[in-house]
Number of protein chains: 2
Amino acid sequence: MTRSFLTALLLAATAPLAAQPLPTPTPAPSTPPKYLPTVPKAVAEIRDAALSDNHAWDIVEGLTVEVGQRMGGTEAEARARVWAVAKLKALGFANVHVERFAMPVWTRGPESAEIVAPFPQKLAVTAFGNSASTPAQGIVGEIVGFDSVADLMAAPDSAVRGKIVFVTHAMPRTQDGSGYGYFGGPRRQGPSIASRKGAIGIVVRSIGTDSHRNPHAGGQQFEPGVAPIPAGALSRPDAEQLQRILKRGQPVTLRLTLVSSVRPGESGNVIAEVPGRDPKAPILMVGGHLDSWDLGTGAVDDGAGVAITAAAAKRIMAAGRPLRTIRVVWFGAEEMGLYGGMFYKDVHGREAHHAIAESDFGAGRIWKVDSKFGKAREAEGMALQAALAPLGIVPGSLDAADGSDIGPMIEDGMPAVGLSQDGTYYFDLHHTPDDTLDKIDPEALRQNVAAWTAMLAVLSGGIEPQPRARQRR
Amino acid sequence: MTRSFLTALLLAATAPLAAQPLPTPTPAPSTPPKYLPTVPKAVAEIRDAALSDNHAWDIVEGLTVEVGQRMGGTEAEARARVWAVAKLKALGFANVHVERFAMPVWTRGPESAEIVAPFPQKLAVTAFGNSASTPAQGIVGEIVGFDSVADLMAAPDSAVRGKIVFVTHAMPRTQDGSGYGYFGGPRRQGPSIASRKGAIGIVVRSIGTDSHRNPHAGGQQFEPGVAPIPAGALSRPDAEQLQRILKRGQPVTLRLTLVSSVRPGESGNVIAEVPGRDPKAPILMVGGHLDSWDLGTGAVDDGAGVAITAAAAKRIMAAGRPLRTIRVVWFGAEEMGLYGGMFYKDVHGREAHHAIAESDFGAGRIWKVDSKFGKAREAEGMALQAALAPLGIVPGSLDAADGSDIGPMIEDGMPAVGLSQDGTYYFDLHHTPDDTLDKIDPEALRQNVAAWTAMLAVLSGGIEPQPRARQRR
């Protein structure tokens, strides 16, 4: 075959039928490269120094060892506030005080679950917050199982009435924790739906990603007008076991004991400040929540968050005086219904805040920064992105931020920052007995402190070094 | 510098002072390469077919779902025997029966631990087998901590008397499980030593390698003449927490509740056979233990072991008739003191066994084969090594084997095989609530079945295919 013949053959194979001019598609628009500003030397230095931080470890170690669990509204949470005030004063913060509020206090009693028939065996269970109490000897009922909240919703009331509902799901592991939304449905919506349909109780597969016999607790609120019923989580191995038993096709009877009680009580937000040079300048507010679930010691949720944010503020304080006041808030009773956050909003929601930010997603490394300062302040958001990028943090949105306690204030339009922690393993521990100090990687904790310190430095309005004489005293 | 001058310089630097003849060291003897025999085609075929086995999964799934935990001597273990007899008959085994024996039955009651002072908080605890019972309200005492059994031994009685002893350790992860020996000391020896020194109770760091709030149960026997005291395990996170609290230097008071009871009862070994063509030929005995600890469902310890060994025997049965009878033994009450193994030895210890083997180290892949057939039968050991090598199994010793129930018979000189499972993660689950079906990798389970099937095929004396007509019926 000659070369010219081959060429002709190839042309024939690809050319349109007639020799018309070829259309030229419009090229895809190229995304403009993102240029971020340079990082001021002072910011870079205070950021990098924070990579050797020990304050955060000291706080989370002390809080979890010397107080342990501190469920919202309980005597343990009150001890945590006493501990917190002493600690924040010892660290040199100003204006350390508690802002108290009233709340109903739900407390866990004895709990257990066992299959009575056809294959008697115990299942690991724990009640959700605001669950109704069973009698001490529990309730006994036939299990009716559903693969999703939608299936429960679609079931006729007659299939549910007088029974104990079981709902499962297939929550995946995600870095950004987004699985917690949809797959949290069985806990958040399941109890109210089941009650409306006449169920005598409900158990759901734990909202989590691990396979240990440690069920995940969590809050839920019965919808207005819905009668509370006993509601709790089975550990994932137990939920899977129940599914295997249900698949055998015989009626399955469960004895469910979830004793609990509710009484009036109080909680409080612990507040501490680094006073700014300009008392009139809008403040920076950072924090986490001091309360925890009662099953672990609340190391990851949210001992880490209160530790990281206070440590960052302490590092700014040690470096000098910021223009803006930095306010550290350790919220009370977050887990039981954002009580502390709502109370802060009631008391301080009309004060001028330059930015608010909350650390409440564990102790994993920060991988992304979002901010929501409004169009006019996007340059500030980009300065923040630039300062954090060297810590391995992706520049994220300039029009997004979130947080649990601060969520309602963000919705009201307060400027906010979101420092996203890696949540790949967060839901292995979340609300379980396994939320303990040994799960915190000290290096990841330091990266968090460095990011929060850099964020405060960027937004502080400038830090004026203390006179040398005062530092030496 | 000329080249000859350089050479002279180098020679001078390395040569001895005078030009004497250099000594010639004896070369290290080279290890002769290991030649193993070729594997008969019939053995390779039955081995490889077993990589698609479903019998083992079917057994361990059924036992753990339909019975669950089956603590030695309890009603649950009795239900397991009923289940086992039905299952083994359904699989077509001959001579399926139970050999019953009496034993004291220790049963767990309510248990909890809490630090009373200086930092009130709960610790996750579980009692060891044969622990003395506390009163229902528990005992209260000051903690005295030790880093090792040796430190406890060395302490003056006055430092221990009237107190609750705590012993920690640093058990490492190992593939062969060898860490369980030395690092199991706090559980096996600690209670007797503490009691002799006048302690009112003892808690030790769980003998395990995980960091979950699930303490590891386990057996222990008080030495003759030693008064039983309450004895249990803290989970590793709780043991570490207690160490951090002790390091603060204040007296630490613990309330320890470990209620338990002992009553006379019975257990039994479940036995099933594949009859050999020669009823006089020494038999092959394989098995695991049917009982489990009460906290999990005993999937890995030892549901997997009974499943693997019975599945392998079933595969031989399906292939034809072996020369030797294969006896499957599911031992009772292993965990509480090798009762089933001792009873089998009493009843059958004088029968001629061609080889005995036990699967009781989880469900991880087999990585090594040892055998102990005696000098005269080393060729058989090498044939076994050859048959297993293609499964990724290291040819190990020709003069070693072990097993818990069969240990005493091996010591008496019975020929035995040891198929070592990978134990890297075994002590994450061992004797905890986390020993559940989801922890078994079906592919690793199949590799186990293939190895055990190949072992039985090699040692069976030859398998004679069933006549076609009989197979078709």
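Residues numbered from 1 in each chain as written. Chains lettered and ligands numbered in written order. Predicted model: local features only at pLDDT ≥ 70, side-chain atom pairs only at ≥ 80, totals over all residues. Heavy atoms only, no water.

Peer 1: Where do I start with the overall build of chain A in this structure?
Peer 2: The helix and strand inventory of chain A stands at 17 helices and 16 strands. Each principal axis of the C-alpha distribution contributes one length, and for chain A these read about 95 × 70 × 40 Å. Burial status across chain A gives 56% buried among its 473 residues. Restricting the contact set of chain A to residue pairs at least 6 apart, pairs at least 24 apart contribute 84%. Each charge sign in chain A was given a centre, from 47 positive and 49 negative side chains, and these centres are 3 Å apart. (Helix = DSSP H or I, 4+ residues; strand = E, 2+ residues; numbered from the N terminus. Buried < 20%, exposed > 50% of the residue type's maximum accessible area, 1.4 Å probe, protein only. Contact = heavy atoms within 4.5 Å. Lys, Arg positive; Asp, Glu negative; His and termini not counted. Charge placed at Lys NZ, Arg CZ, Asp CG, Glu CD.)

Peer 1: Which parts of the structure should I look at to understand unusual backbone geometry?
Peer 2: Peptide bonds are, in most cases, trans, and in most cases residues other than glycine have a negative phi. Geometrically, the link from alanine 117 of chain B to proline 118 of chain B is a cis peptide bond, its omega value of 5 degrees lying close to zero. Structurally, proline 118 of chain B is set in the loop between strand 1 (94-117) and strand 2 (121-123). Each neighbour pair has its own omega, and for aspartate 301 of chain B with aspartate 302 of chain B the value is 10 degrees, a cis peptide bond. Backbone geometry at alanine 333 of chain A places phi at a positive 50 degrees, although glycine is not the residue there.

Peer 1: Can you help me understand the interface of chain B and chain A in this one?
Peer 2: A common measure of how large an interface is: the accessible area buried when the components associate. In this complex, chain B contributes 30 residues to the contact, which on the side of chain A involves 30 residues. It is Val65, Arg213 and Arg248 of chain B that lose the most area in chain B upon contact with chain A, and together they represent 24% of the buried surface on that side. Counting across the interface, chain B meets chain A through four salt bridges. We note a salt bridge from arginine 248 of chain B to glutamate 66 of chain A, for which the minimum N-O separation is 2.8 Å. The interface formed by chain B and chain A holds 19 residue pairs in polar contact (both at pLDDT 80 or more) in total. (Buried area = accessible area lost by both parts, 1.4 Å probe. Salt bridge = Lys/Arg side-chain N within 4 Å of Asp/Glu carboxyl O. Polar contact = N/O pair within 3.5 Å; in protein donor to acceptor, adjacent residues only side chain to side chain.)

Peer 1: Can you walk me through helix 10 (residues 236-247) of chain B in this structure?
Peer 2: Structurally, the α-helix is built with 3.6 residues per turn, so residues lying three or four positions apart point the same way. Residues and elements named next belong to chain B. Here helix 10 is twelve residues long and its end C-alpha atoms lie 16 Å apart, about the 16 Å a rise of 1.5 Å per residue gives. Here helix 10 has its buried residues at Pro237, Asp238, Ala239, Glu240, Gln241, Leu242, Arg244 and Ile245. Two residues or fewer past helix 10, glycine 249 is found with a positive phi of approximately 90 degrees. (Expected span 1.5 Å × (residues − 1).)

Peer 1: Teacher, can you tell me more about the relation of the copies chain B and chain A here?
Peer 2: To go from the first copy of the chain to the second, apply a rotation about an axis and then a shift along the same axis. In the superposition of chain B on chain A (RMSD 0.1 Å, axial shift 0.0 Å), the rotation amounts to 180 degrees. On the angle and the small slide along the axis, the relation comes out as a two-fold axis. Both copies contact each other with a shared surface, as 100% of the interface residues of chain B are interface residues in chain A too. (Least-squares fit on C-alpha atoms with pLDDT ≥ 70 in both.)

Peer 1: How should the side chain of histidine 216 of chain B be read in this particular structure?
Peer 2: Residues and elements named next belong to chain B. The residue histidine 216 is located in the loop between strand 6 (201-205) and strand 7 (231-234) in this model. Reaching out from histidine 216, the side chain makes a polar contact with the backbone oxygen of isoleucine 207 at a distance of 3.3 Å. Setting aside residues no more than four positions away along its own chain, histidine 216 makes contact with Thr126, Phe128, Ser206, Ile207, Gly208, Asp210, Ala233, Phe427, Asp428, His430, His431 and Thr432.

Peer 1: Sorry, what's going on with the environment of glycine 305 of chain A here?
Peer 2: By the secondary structure assignment, glycine 305 of chain A is in helix 11 (residues 299-319). Taking the C-alpha atoms as reference points, glycine 305 of chain A and alanine 94 of chain A, 211 residues apart in sequence, are found 20 Å from one another.

Peer 1: What's the story with the confidence of the model for chain A in this structure? I'm lost.
Peer 2: In regions of low pLDDT, the predicted coordinates are not meant to be interpreted in detail. Residue and element names in this part refer to chain A. This prediction gives chain A a mean pLDDT of 94; 94% of its residues lie at or above 70. Confidence drops under a pLDDT of 50 for residues 5-15, and excluding neighbours within four residues, the segment shows one contact in the predicted structure. Across the interface, the model reports ipTM at 0.87; the global pTM reads 0.89. (pLDDT = per-residue confidence, 0-100.)

Peer 1: How do you make sense of the packing of aromatic side chains when you look at a structure like this?
Peer 2: Each aromatic ring pair is summarised here by two numbers: the centre-to-centre distance and the angle between the ring planes. Evaluation of the coordinates by the stated rule reveals 14 aromatic pairs over all chains. Ring geometry for tyrosine 426 of chain A against phenylalanine 427 of chain A: centres 5.1 Å apart, planes inclined by 75 degrees, an arrangement best described as edge-to-face. By the burial criterion, tyrosine 426 of chain A is buried, and phenylalanine 427 of chain A matches it. Ring centres of phenylalanine 331 of chain B and tyrosine 344 of chain B lie 6.0 Å apart, and the angle between their planes is 80 degrees; on these two criteria the pair is classed as edge-to-face. (Phe/Tyr/Trp six-rings, centres within 6.5 Å; stacked < 30°, edge-to-face > 60°.)

Peer 1: Before we go on, may I ask you to explain the side chain of aspartate 210 of chain A in this structure?
Peer 2: Assignment of secondary structure puts aspartate 210 of chain A in the loop between strand 6 (201-205) and strand 7 (231-234). A polar contact is formed between the side chain of aspartate 210 of chain A and the backbone nitrogen of histidine 212 of chain A, at a distance of 3.1 Å.

Peer 1: What exactly am I supposed to notice about the pairing of strand 12 (residues 353-358) of chain B here?
Peer 2: One face of the sheet, then the other: side chains in a regular strand alternate in exactly this way. Residues and elements named next belong to chain B. Most of strand 12 sits out of view: six of its six residues are buried. Pairing between strand 9 (residues 283-289) and strand 12: five bridges, direction parallel. Bridging across to strand 12, valine 286 finds its partner in alanine 357. (Pairing = 2+ DSSP bridges.)

Peer 1: Is there a simple way to explain the packing of helix 3 (residues 55-66) of chain A against helix 11 of chain A in this structure?
Peer 2: When two helices pack together, their arrangement is given by the angle between the helix axes and by the axis-to-axis distance. All names here are of chain A. Closest axis-to-axis distance for the helix 3/helix 11 pair is 8 Å, and the angle between their directions is 140 degrees. The orientation of helix 3 relative to helix 11 falls into the category oblique. In terms of crossing hand, the pair formed by helix 3 and helix 11 is right-handed. Listed contacts from helix 11 to His55, Ala56, Ile59, Val60, Leu63 and Thr64 of helix 3 are Ala299, Gly303, Ala304, Val306, Ala307, Ile308, Ala310, Ala311, Lys314 and Arg315. A breakdown of the residues in the contact of helix 3 with helix 11 according to their chemical character gives eleven nonpolar, three polar and two charged. (Axes fitted to C-alpha atoms, helices over the stretch in contact; angles between N-to-C directions. Parallel < 35°, antiparallel > 145°, perpendicular 65-115°, else oblique. Left-handed = near helix turned anticlockwise from the far one by under 90°. Nonpolar A, V, L, I, M, F, W, Y, C, P; charged D, E, K, R; others polar.)

Peer 1: Please clarify how the pattern of salt bridges should be interpreted in this entry.
Peer 2: In the structure shown here, the tally under the stated rule is 52 salt bridges over all chains. As a salt-bridge pair, arginine 377 of chain A and glutamate 380 of chain A come within 2.7 Å of each other at their nearest N and O atoms. Across the pair glutamate 443 of chain A and arginine 446 of chain A runs a salt bridge whose closest N-O atoms are separated by 2.5 Å. A residue pair is termed a helical-turn pair when its members lie 3 or 4 positions apart in one helix, as glutamate 443 of chain A and arginine 446 of chain A do in helix 16 (residues 442-459) at three residues. For glutamate 443 of chain A, a relative accessible area of 48% translates into the label partly exposed. Residues participating in the shared-partner salt-bridge network are Glu61 and Glu66 of chain A together with Arg248 of chain B.

Peer 1: I keep staring at the environment of serine 178 of chain A and nothing clicks. Help me out?
Peer 2: Residue and element names in this part refer to chain A. Counting through the fold element by element, serine 178 comes out in the loop between strand 5 (164-167) and helix 7 (179-182). Residue class for serine 178 comes out partly exposed when judged on its relative accessible area of 48%. Separated by 28 residues in sequence, serine 178 and alanine 150 place their C-alpha atoms 19 Å apart.

Peer 1: Please explain helix 11 of chain A as it appears in this structure.
Peer 2: Residues and elements named next belong to chain A. The end-to-end C-alpha distance of helix 11 is 28 Å, a good match for the 30 Å that 21 residues give at a rise of 1.5 Å each. For helix 11, a buried count of 19 out of 21 residues is recorded, marking the element as mostly surrounded by other parts of the structure. Glycine 320 occupies a position one or two residues after helix 11 and carries a positive phi of about 155 degrees.

Peer 1: What's the story with the pairing of strand 4 (residues 139-146) of chain A in this structure? I'm lost.
Peer 2: All names here are of chain A. With four bridges connecting them, strand 4 and strand 8 (residues 253-274) associate as antiparallel partners. Residue pairing in the sheet places glycine 141 in a bridge with leucine 254 of strand 8. Both strand 4 and strand 5 contribute to a ladder of four bridges, which runs parallel. Bridge pairing links isoleucine 143 to isoleucine 164 in strand 5.

Peer 1: I would appreciate a short explanation of the environment of valine 259 of chain A in the present structure.
Peer 2: All names here are of chain A. Note that valine 259 resides in strand 8. In this structure valine 259 comes out as buried when scored by relative accessible area, which is 18%. Separated by 98 residues in the primary sequence, valine 259 and alanine 357 have C-alpha atoms spaced 37 Å apart. Among residues more than four places away in sequence, those in contact with valine 259 are Arg108, Gly109, Pro110, Ser133, Thr134, Pro135 and Ala136.

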